[in-house]
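Coordinate inspection notes
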Amino acid sequence: MVDLVASVSNGGGLGMLTALSQGDPEGLRRAIRETKSKTNKPFGVNLTILPSINPPPYEQYAKVIVEEGIKIVETAGNAPGKLVNYFKQNGVFIIHKCTTVRHAISAQKLGVDMLSIDGFECAGHPGEEDTGGIVLLAQAAKELKIPFIASGGFADGRGLAMAIAGGAQGVNMGTRFQCTVESPIHQNIKDAIVKAKHTDTVHIFRTLKNTSRVYKNDVAKEVVQIESRGGKFEDVKHLVSGARGKKVYEDGDVNAGIWTMGSCAVLINDIPTCHDLLNRIEKEAEEVLKGMARMVVPSSKL
């Protein structure tokens, strides 16, 4: 993942390391240092607060982020106040990801610097209110007082232009960057994303109020069936384990476990380098925005 993060930043984007994917705080420290050896451009770290029986040592992860000089952090999840205060005290720019505008307003009150507004189209957790990105962006533009970026459903320049027109400062992309040359996931999974249709994702954990959009494979279908019969997490945990999901990316078996994929996969039809992808998105967005500007006809002064 380090190579992908560095390549995104080197290509003109903002690469993000995921703290909890590094195993432990010292693993994050090593990943940060390795990323620094591959880019002199800014990059950040995502720290997501997840409901857990045995929660990770979030404070230790945060301490490593500060000690290693990271100046941009993306937070997500519930009750980020303590971490927000710590990062603010240490001069870290905080982007907080939300799936509703009311949560975004709460984060704004906490003092975060920017918000990431995550629409229903996203991979992973879209929240429980099923609000699409277009409505969320319009609401965010009306109600928020700090800058925001758009997340969920973005994979090309037209999407970037749409987000900018909607009031966002930019877009956040996950599935699109999974499908790049530098992405460390198995080629079979990249190929599956390229082949995917808009019907190839499904929501699991709906009945558990922890909805997640994932690739519609045999495992995901089984989870949905168990949920439909009133099953609880104990009934599906053997299917959704992180170890099984890891095998997907390592071995290339799309049915080995659960893996997240956004509905934007239908817009992805190639596997470029991060540099080429970012350049293309920028050019596409510029062309769309120029075309929009040409639609404005000056009113007659007569």
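Read on for a plain summary of the structure. As the structure is a computational prediction, the values presented were derived from the model and not from experiment.

This part covers the overall build of the chain. The number of helices and strands found in the chain is 13 helices and 9 strands. What you see for the chain is a C-alpha radius of gyration of 20 Å, in line with the 19 Å of a compact globule of 302 residues. Per-residue burial for the chain yields a buried fraction of 47% across its 302 residues. When contacts within the chain are restricted to residue pairs at least 6 apart in sequence, those whose partners lie at least 24 apart make up 60%. Of the roughly 15300 Å² of accessible surface on the chain, a fraction of 53% belongs to carbon and sulfur atoms. With 36 positive and 33 negative side-chain charges, the chain shows a spacing of 4 Å between the two charge centroids.

Here we have 7 strands laid out as an open sheet, ordered 1-2-3-4-5-6-7, and parallel in their pairing. Each edge of the sheet is formed by a strand with only one pairing partner; in this case those strands are strand 1 (15–18) and strand 7 (171–172). Pairing analysis gives 5 bridges linking strand 2 (residues 43–49) to strand 3 (residues 72–77), with the strands arranged parallel. By the bridge assignment for strand 3, L47 is matched with T75. Strand contacts of helix 3 (residues 58–67): strand 2 and strand 3, with the helix running at about 170 degrees to strand 2, the strand carrying the most contacts.

Geometrically, a packed helix pair is captured by the angle between its two axes and the distance between the axes. Running from amino to carboxyl end, helix 1 (residues 2–10) crosses helix 2 (residues 25–38) at an angle of 45 degrees, the nearest separation of the two axes being 9 Å. It follows that helix 1 is oblique to helix 2 by the angle criterion. Here helix 1 runs over helix 2; the crossing is right-handed. Counting all contacts with helix 1, which are made through V2, D3, V5, A6 and N10, the residues of helix 2 involved are A31, E34, T35 and K38. Here the contact of helix 1 with helix 2 is composed, by residue class, of 4 nonpolar, 2 polar and 3 charged.

In summary, the side chains of a regular strand alternate between the two faces of the sheet. Counting buried positions along strand 3 gives 5 out of 6 residues, so the element sits mostly inside the fold. Here strand 3 pairs with strand 4 (residues 93–98) via 5 bridges, running parallel. Along strand 4, the bridge assignment pairs V73 with I94.

For the structure on display, the rule yields 4 aromatic pairs. On the numbers, 6.2 Å between centres and 65 degrees between planes, the contact of F205 with F233 is edge-to-face. Highlighted residues: F205 in the loop between strand 8 (201–204) and strand 9 (212–215) and F233 in helix 11 (residues 233–236), separated in sequence by 28 residues. Ring centres of Y249 and W259 lie 6.4 Å apart, and the angle between their planes is 75 degrees; this geometry places the pair in the edge-to-face category. Of the two residues, Y249 is situated in helix 12 (residues 242–251) and W259 in the loop between helix 12 and helix 13 (274–294); the sequence distance between them amounts to 10 residues.

Turning next to the pairing of strand 6 (residues 148–151). The two faces of strand 6 match: F148 and A150 on one face and I149 and S151 on the other face are all buried. Looking at chain direction, strand 5 (residues 114–118) and strand 6 are connected through 4 bridges and run parallel. Among the inter-strand pairings, D118 is bridged to a residue of strand 6, identified as S151. After leaving strand 5, the chain enters helix 6 (residues 133–143) and then returns to the sheet as strand 6, a path that is right-handed. Running through helix 7 (residues 157–165), the crossover from strand 6 to the neighbouring parallel element strand 7 is right-handed.

What follows concerns the pattern of salt bridges. Summed over the entire model, instances satisfying the criterion amount to 17 salt bridges. Where E68 meets R33, a salt bridge forms, and the shortest distance between an N and an O atom there is 3.0 Å. Taken together, the residues span a long stretch of sequence, with E68 in the loop between helix 3 and strand 3 and R33 in helix 2 at a distance of 35 residues. Residue E68 is classed as buried on the basis of its relative accessible area, which comes to 9%. Between E67 and K63 there is a salt bridge, with the nearest N and O atoms lying 3.9 Å from each other. Separated by 4 residues within a single helix, E67 and K63 lie in helix 3, roughly one turn from each other. Given a relative accessible area of 46%, K63 falls into the partly exposed group. Among the ionic contacts, a cluster of salt bridges with common partners joins E26, R29, R33, K63, E67 and E68.

Let us now look at helix 13. The terminal C-alpha atoms of helix 13, which comprises 21 residues, lie 30 Å apart, in line with the 30 Å expected from a rise of 1.5 Å per residue. Of all the residues in helix 13, the buried ones are C274, L277, L278, I281, A285 and V288. Across the axial projection of helix 13, the buried residues extend over an arc of 100 degrees, all falling on one side. Along helix 13, exposed side chains directed more than 90 degrees from the buried face belong to K283 and R294.

Conventions adopted
- Residues numbered from 1 in each chain as written.
- Predicted model: local features only at pLDDT ≥ 70, side-chain atom pairs only at ≥ 80, totals over all residues.
- Heavy atoms only, no water.
- Helix = DSSP H or I, 4+ residues; strand = E, 2+ residues; numbered from the N terminus.
- Rg over C-alpha atoms; globule rule 2.2 N^0.38 Å.
- Buried < 20%, exposed > 50% of the residue type's maximum accessible area, 1.4 Å probe, protein only.
- Contact = heavy atoms within 4.5 Å.
- Areas by Shrake-Rupley, 256 points an atom, 1.4 Å probe, with all protein chains shown as cover.
- Lys, Arg positive; Asp, Glu negative; His and termini not counted.
- Charge placed at Lys NZ, Arg CZ, Asp CG, Glu CD.
- Pairing = 2+ DSSP bridges.
- Axes fitted to C-alpha atoms, helices over the stretch in contact; angles between N-to-C directions.
- Parallel < 35°, antiparallel > 145°, perpendicular 65-115°, else oblique.
- Left-handed = near helix turned anticlockwise from the far one by under 90°.
- Nonpolar A, V, L, I, M, F, W, Y, C, P; charged D, E, K, R; others polar.
- Phe/Tyr/Trp six-rings, centres within 6.5 Å; stacked < 30°, edge-to-face > 60°.
- Right-handed = clockwise from strand over helix to strand, strands pointing away.
- Salt bridge = Lys/Arg side-chain N within 4 Å of Asp/Glu carboxyl O.
- Expected span 1.5 Å × (residues − 1).
- Arc of directions from axis to C-beta.

Read these as spatial facts, not as claims about activity.
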